[in-house]
Amino acid sequence: IGVVLDICSYIYVQKSSVLEPVLWKSPNPLPKLSGAYASNNCLTIGLRKIYYDTTNRSKAELHLPFMGPECIAFDESGDAYVSLNDGTVAAFTSSGDYVKRIFFTGGFLERNETNGLPADDNEEGKKFLLWCNSEAISKRLAWNTTGERQCGRPLGLRFRKTSSGPTLYILDAYHGLFALDLITLTASHLITPNTPMLAAARSDPRSLLPPKFFNDLDILSTAQGEVVVFSDSSYSFTRSENRIEVLDGAPRGRLFAFSLATQQLQVLLCGLHFPNGLQSFPSQRPQSEIIVAELSRFRVLKVNISSTRFSLDPAHSAENAYFHGTSTCDEFGYLHHALSAQRLDNTNNNTTTNASTDANTIDNSIIRNESEDNYRRFGVTVFMDSVPGIVDNIRWHNNSFYLALGGKSAQPFSLLWTAYQSIVLRDVIGKFVSMQLVEHLLIPYGLVLQVDENGRPQRSLHDPTGGNISWVSHADRHPITGELWLGSHSNAFIGILPQ
């Protein structure tokens, strides 16, 4: 036995790990699936699944099945646009019928097509698109960084009616922001990974690293004009390497703002733990606040992008000289201090929970109100804490936020929540478990949360077995029918749940 242990110890010490895990020192207790979070079968009954349909497809048309409908955006008439994992964006009718592909990142960058899709006589372009599609359907492309970068991977989508006509804004995980004119189907490239960025003086150098994982976006009508706010989940790892980033639990994420008027790109905040979906408050005018999911901390933050802590105005240079949104990007940097100050206030006011308290009974509005002074000081606060899963996209409909959860993390046990509190456990995983197997360590579960504008849970929709739908990445209600459309980074269908 001793010899075996010696051999195992030697192998453990000698073998390198792909992970550089960060310890989560003070996690909140795991929430219970009770109250508004109580388990149910809402996602197992009546869910309609939209697959690629070859019916009425012309023989000349490229047959392109779809996989990984990550994000969904609706236009004014209710037609839908969906980002797919073969590098394309597809159009669907209001009733869910597939229409056609309308944008292809890889073709736009590699072949200089107006919207990336190959012309009828472009055989090489067709071969390239078909290769991207077949690799995506086989799920090989998702693990091929070079191939996925070449094909592109659109993630966040937003529709806007602009002065030049209806426009779809597309955020590609590798290549940044595109604007697609939906009348002419002509695209323009607004932001690349190498777009020059502005940051406050004395910013942490890591805040100015090129984005590697563009994720989600929203467009705010601010006092200074239209501003695109988007998340970069990591400055170290790409989308195809996201399992490493998730397991590390490191503060490598950032929040950016891009002015459509001045075309200037600014880093607002760094030190985020896998920032993912984000959403503004549509009724706010002018708009200045967004909420953003911090996936590997099971929480949602609220950020005031007009805060002086994120300002480049020289008038605030003295106040922000050494302490602003990008001054420090590490685990105990600006974000940690901002939220720690609020936790201290909450502790003094006896509003925090203990291990025996259900996390979903926390009144987040009370916590936030009692930390309002700190929110004004720092420009960031906790909107929701102890979310019972990993939050992906967030969308707004009729005074409610809809949170798509890519997995469950709740009592009695969560492997990911446990792993974040153990360097050794993640070190073992990083040395001996393939990243392609990591996802199989998580139990499939379908989960969507509906919360009010103060972060209070109103309702949850579950598929407890994950047999009907799981790995939900997007949940949004149709603007006309009220049906709930569900996307996923790994499913081959779009889910539509009647109202």
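Overview of the structure. These figures come from a predicted structure and were not determined experimentally. (Residues numbered from 1 in each chain as written. Predicted model: local features only at pLDDT ≥ 70, side-chain atom pairs only at ≥ 80, totals over all residues. Heavy atoms only, no water.)

## Structural notes on the layout of surface pockets
Turning to step 1, where the next piece is worked out: Taken as a whole, the largest pocket encloses approximately 830 Å³ of empty space.
Turning to step 2, where the next piece is worked out: Taken together, 37 residues make up the lining of the largest pocket; nearest its centre are Arg-239, Asn-242, Arg-243, Glu-439 and His-489.
Turning to step 3, where the next piece is worked out: Looking at the lining of the largest pocket, the element that brings in the most residues is helix H5 (residues 242–248), giving four residues.
Turning to step 4, where the next piece is worked out: Residues of the lining of the largest pocket, tallied by class, amount to 20 nonpolar, nine polar and eight charged. (1 Å grid on protein atoms, 1.4 Å probe; cavity = no way out; pocket = protein on both sides within 12 Å on 5 of 7 lines; lining within 4 Å. Points joined across faces, edges and corners; volume = space filled by probe spheres on them. Helix = DSSP H or I, 4+ residues; strand = E, 2+ residues; numbered from the N terminus. Nonpolar A, V, L, I, M, F, W, Y, C, P; charged D, E, K, R; others polar.)

## Here we look at the packing of aromatic side chains
Turning to step 1, where the next piece is worked out: The final tally for this structure, using the stated rule, is 22 aromatic pairs.
Turning to step 2, where the next piece is worked out: Here the aromatic rings of Phe-323 and Phe-378 are separated by 5.9 Å at their centres, their planes lie at 85°, and the arrangement is edge-to-face. With a gap of 55 residues between them, Phe-323 in the loop between strand E17 (299–304) and helix H6 (334–348) and Phe-378 in helix H8 (residues 372–378) connect regions that are remote in the sequence.
Turning to step 3, where the next piece is worked out: With relative accessibility at 3%, the residue Phe-378 sits in the buried group.
Turning to step 4, where the next piece is worked out: Geometry around Phe-493 places Lys-49 over its ring, the cationic atom sitting 4.6 Å from the centre.
Turning to step 5, where the next piece is worked out: Its guanidinium or amino end placed over the ring of Tyr-445, Lys-408 lies 5.4 Å from that ring's centre, counting from NZ or CZ. (Phe/Tyr/Trp six-rings, centres within 6.5 Å; stacked < 30°, edge-to-face > 60°. Buried < 20%, exposed > 50% of the residue type's maximum accessible area, 1.4 Å probe, protein only. Lys NZ or Arg CZ within 6 Å of the ring centre and 35° of its normal.)

## A look at a nonpolar patch on the surface
Turning to step 1, where the next piece is worked out: On the surface, a nonpolar cluster with roughly 530 Å² of combined accessible area is contributed by Val-3, Ile-7, Ile-11, Val-424, Val-428 and Phe-432.
Turning to step 2, where the next piece is worked out: Where the nonpolar patch is concerned, the elements lending two or more residues are helix H1 (2–14) and helix H10 (423–432).
Turning to step 3, where the next piece is worked out: Relative to the elements of secondary structure, Ile-7 occurs in helix H1.
Turning to step 4, where the next piece is worked out: Exposure remark for Ile-7: the relative accessible area of 46% places this residue in the partly exposed category. (Patch = residues over 30% accessible without salt bridge, like charges linked within 9 Å, V, L, I, M, F, W, Y side chains within 5 Å. Areas by Shrake-Rupley, 256 points an atom, 1.4 Å probe, with all protein chains shown as cover. Salt bridge = Lys/Arg side-chain N within 4 Å of Asp/Glu carboxyl O.)

## Here we look at the pairing of E17
Turning to step 1, where the next piece is worked out: The buried count for E17 comes to six of six residues, which makes it a mostly enclosed element.
Turning to step 2, where the next piece is worked out: What you see with E17 is no split at all: Arg-299, Leu-301 and Val-303 on one side and Val-300, Lys-302 and Asn-304 on the other are buried throughout.
Turning to step 3, where the next piece is worked out: For strand E16 (residues 289–294) and E17, the ladder comprises six bridges, and the chain directions are antiparallel. Note that in E17 the partner of Ala-293 across the bridge is Val-300.
Turning to step 4, where the next piece is worked out: Counting the residues in the hairpin turn of E16 and E17 gives four residues, including Phe-298, whose phi is positive at 50°.
Turning to step 5, where the next piece is worked out: Bridge count for E17 against strand E18 (residues 380–384) is four bridges, and the pairing is antiparallel. (Pairing = 2+ DSSP bridges.)

## Quick word on the sheet that holds strand E2 (residues 71–74)
Turning to step 1, where the next piece is worked out: Taking strand neighbours across the sheet as the criterion, the four strands line up as E2-E3-E4-E5 in an open arrangement whose pairing is antiparallel. Each edge of the open sheet is held by one strand with a lone partner, namely E2 and strand E5 (98–104). Between one strand and the next, the sheet's axes are offset by a mean angle of 25°, whatever the strand orientation.
Turning to step 2, where the next piece is worked out: Bridge count between strand E3 (residues 80–83) and strand E4 (residues 88–92): four bridges; the pairing is antiparallel. The residue of E4 that forms the bridge with Val-82 is Ala-90. (Axes fitted to C-alpha atoms, helices over the stretch in contact; angles between N-to-C directions.)

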